[in-house]
Amino acid sequence: MIAKYIKRSFFIGIAAVSFAACTPDTIDDQGNGIMQPAVDASFTVTKISENKYHLKRNYNNYLNSQWNIDGAGFVAGKDEMDVFFPDTGTYTVQHNAVGIGGQVGGTASHSFTITTPDPIAGNILQGGKFETAEDIAKWTIHTISPTKAQWVFSNKAATIVASEGNQQAIYTKINVEAGKQYNIDMIASSASGLENTWFEVYILNSLPSTGQDISGSVYRNINTWDGCGKSAFAGKVSAVGCGSKNGGTFTATTTGPVYLVIKCGGDKVNGLTIDNVEVRRAQ
């Protein structure tokens, strides 16, 4: 009897294992927590004021969000947030729905047009989008290293290629008011990592002679020694830059023209591109 019982139990165990091996992973039509269901990345845009909008995602079948605000690059964001566009123009906001395992399950976008600039926070720098010949004419190349470092204006942006520790700068003139604070920022990108590279933004009352280096207080910074720029990047310098020299706020001591100067150099800069350069009143 005991032998018969053991034998019967053995065959029941084998059958159970065989049944389990043939059972599919998917439990039902809702998935098993491993496969990402179809997502809905749509979101609503509500106008708050002439230059401010409220974004709200629709919360369907995903874990979190990434937002791309007018080409500045996708970054993790909140379920709801306000965005501010102080300048006139047509803007596009994109939303990525991020699902299980970090999968981007869908993208949605909204475009809208700003017709009136904000009277305080509007961009006082002209030509910062490099879109037209008139924009590019606002900028001048300041030669520091005569070879192996060069800024080029093309494809509605400004790009520098540099090697062997050479550097070059570009500058433009802006008008400021004494005692006022100004925030400086721009979009910067590189398709590959930089090596022994510095990218620095200055505000100067006067410029040195051609061939001389630029020096002074640095208001924006991408520096491989500080730990940023070593791999491909894209976004506002306020986000992709690093170090104590990336505060971005300039306080004017006199009223009148000053120079915004952007300098870059390094051992290996295959192409660092900037766009949407802006200087805005902070108060």
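In what follows, the structure referred to is the one given above.
Attention here is on the structure that accompanies the text. (Residues numbered from 1 in each chain as written. Predicted model: local features only at pLDDT ≥ 70, side-chain atom pairs only at ≥ 80, totals over all residues. Heavy atoms only, no water.)

**Quick word on the overall build of the chain**
Across its full length, the chain carries three helices and 16 strands. Sorting the 283 residues of the chain into buried and exposed places 39% on the buried side. The long-range fraction of contacts in the chain, counting pairs at least 24 apart against all pairs at least 6 apart in sequence, stands at 68%. (Helix = DSSP H or I, 4+ residues; strand = E, 2+ residues; numbered from the N terminus. Buried < 20%, exposed > 50% of the residue type's maximum accessible area, 1.4 Å probe, protein only. Contact = heavy atoms within 4.5 Å.)

**Examining the layout of surface pockets**
Approximately 850 Å³ is the volume found for the largest pocket. Taken together, 37 residues line the largest pocket, and the ones lying closest to its centre are Asp70, Lys236, Asn276, Glu278 and Arg280. Counting only elements with at least two residues in the lining of the largest pocket, the list comes to strand 3 (64-69), strand 4 (74-77), strand 5 (80-84), strand 14 (233-236), helix 3 (237-240) and strand 16 (256-281). For the lining of the largest pocket, the per-class residue count stands at 18 nonpolar, 10 polar and nine charged. (1 Å grid on protein atoms, 1.4 Å probe; cavity = no way out; pocket = protein on both sides within 12 Å on 5 of 7 lines; lining within 4 Å. Points joined across faces, edges and corners; volume = space filled by probe spheres on them. Nonpolar A, V, L, I, M, F, W, Y, C, P; charged D, E, K, R; others polar.)

**Describing the sheet that holds strand 1 (residues 43-49)**
Spatially, the three strands line up as an open sheet ordered 1-2-5, and their pairing is antiparallel. Only two strands of the sheet have a single neighbouring strand rather than two, namely strand 1 and strand 5. When the angles between neighbouring strand axes are averaged without regard to direction, this sheet yields 25°. In terms of strand pairing, strand 2 (residues 52-57) meets strand 5 through five bridges, oriented antiparallel. Bridge pairing in strand 5 links His54 to Asp82. (Pairing = 2+ DSSP bridges. Axes fitted to C-alpha atoms, helices over the stretch in contact; angles between N-to-C directions.)

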